Amino acid sequence: MTEKVKPYKDSELGKKEQVAKMFDTISNEYDGLNRVISFGIDVSWRKKVVEIIGKTNPETILDIATGTGDLAINLSKTNASKIIGLDISEGMLSVGRKKIEKLQLNSKIEMVFGDSENIPFENNFFDAITVAFGVRNFENLDKGLAEIFRVLKPGGTFVVLETSIPTKTPFKQGYNFYSKQILPIIGKLFSKDKVAYKYLSDSAASFPYGNAFNNILQKNGFIAIECKPQTFGVASIYVAKK
């Protein structure tokens, strides 16, 4: 079981409510600051997710923890006729809807307020499901994955893009220094929410990755699981089937 890291240690709210509050607060600054923090490399990681999903020729895609819709927008390059972006932060969804409208993708992408642990769709509904930098924010990881399994069609593809920790020197040391020392400072200097980027760093450090996450996916019924480390292991793409 993963350690339950929360954004606000003094708050009596549950993790889910805290995460929603945090992302509502930083929604307008999130895209710009995210590009700075990741040096823009996250863009290439998302492109790889789109390539993986595109090869399966899905008609319907669910992007969970869609945030401001970056991955949902990128997924519009597939042949999917309908893409749903799901998130618990109305602030992030609002920013995403403006981006989608500007790109005239309203007919293809719908942004929906909803919870990964209670997905508002029927069983076996989606051909493909994606989560980018969101599974570590689930309050109950197993429950969220069980819900994803439920709404994914048999034979469907599930792809997770998530941070991981490099295992080789000097990348491991460099990552630890950047995530623990530099990232929280950037957050304090440029973010409205002074603890948000410390939480993002802490939650990444405590989240299971590699074989540990593969085993969790398998326990929740997924098969044909692959882990593809990215950029010296600072992120990983997990591909699984139902």
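All of these numbers come straight from a predicted model, not from anything done at the bench.

Caption draft 1: Structural context of the nonpolar core. Ranked by size, the top nonpolar core spans 26 residues in total, and within it Leu62, Ile64, Ile129, Ile148, Phe158 and Phe213 carry the most contacts. Sorting the residues of this core by element identifies β1 (60–64), β2 (82–87), β4 (126–132), α5 (141–151), β5 (152–163), α8 (211–219) and β7 (235–241) as the ones contributing at least two each. Leave out the neighbours within four places in its chain, and isoleucine 64 touches Leu86, Ser116, Ile119, Ile129, Thr130, Val131, Ala132, Phe138 and Ile148. The next biggest cluster of nonpolar side chains, apart from the first, holds 25 residues, and it includes Val50, Leu93, Val159 and Leu161.

Caption draft 2: Region of interest: the pattern of salt bridges. Scanning all chains against the criterion turns up 15 salt bridges. The partner of glutamate 117 in a salt bridge is lysine 16, and the shortest N-O contact between them spans 3.4 Å. Here the residue glutamate 117 occupies a position in the loop between β3 (109–113) and β4, and lysine 16 occupies one in helix α1 (residues 15–38), the gap between them amounting to 101 residues. Given a relative accessible area of 8%, glutamate 117 falls into the buried group. When the shortest N-O distance is used, the salt bridge between lysine 219 and aspartate 142 registers 3.0 Å. Here lysine 219 is found in helix α8, whereas its partner aspartate 142 is found in helix α5, with 77 residues between them in sequence.

Caption draft 3: Quick look at the packing of α1 against helix α4 (residues 90–102). Closest axis-to-axis distance for the α1/α4 pair is 7 Å, and the angle between their directions is 30°. As the angle between them shows, α1 and α4 are arranged roughly parallel. For the pair α1 and α4, contact is made by Phe23, Asp24, Ser27, Asn28, Tyr30 and Asp31 and by Glu90, Gly91, Met92, Val95 and Lys99, respectively. Its residues assigned to classes, the contact of α1 with α4 comprises 4 nonpolar, 3 polar and 4 charged.

Caption draft 4: Inspection of empty space enclosed by the protein at higher detail. Tallied over the entire structure, the rule returns 1 cavity of 30 Å³ or more. One number sums up the size of the largest cavity: a volume of about 390 Å³. Lining of the largest cavity is provided by 32 residues; of these, Ala65, Thr66, Gly67, Asp87 and Gly134 occupy positions nearest its centre. Counting only elements with at least two residues in the lining of the largest cavity, the list comes to α1, β1, α3 (70–75) and β2. Considering every element that reaches the lining of the largest cavity, the biggest residue donor is α1, with 6 residues. Looking at the lining of the largest cavity, its residues break down into 14 nonpolar, 9 polar and 9 charged.

Conventions used here
- Residues numbered from 1 in each chain as written.
- Predicted model: local features only at pLDDT ≥ 70, side-chain atom pairs only at ≥ 80, totals over all residues.
- Heavy atoms only, no water.
- Core = buried A, V, L, I, M, F, W, Y, C linked by side-chain atoms within 4.5 Å.
- Buried < 20%, exposed > 50% of the residue type's maximum accessible area, 1.4 Å probe, protein only.
- Helix = DSSP H or I, 4+ residues; strand = E, 2+ residues; numbered from the N terminus.
- Contact = heavy atoms within 4.5 Å.
- Salt bridge = Lys/Arg side-chain N within 4 Å of Asp/Glu carboxyl O.
- Axes fitted to C-alpha atoms, helices over the stretch in contact; angles between N-to-C directions.
- Parallel < 35°, antiparallel > 145°, perpendicular 65-115°, else oblique.
- Nonpolar A, V, L, I, M, F, W, Y, C, P; charged D, E, K, R; others polar.
- 1 Å grid on protein atoms, 1.4 Å probe; cavity = no way out; pocket = protein on both sides within 12 Å on 5 of 7 lines; lining within 4 Å.
- Points joined across faces, edges and corners; volume = space filled by probe spheres on them.

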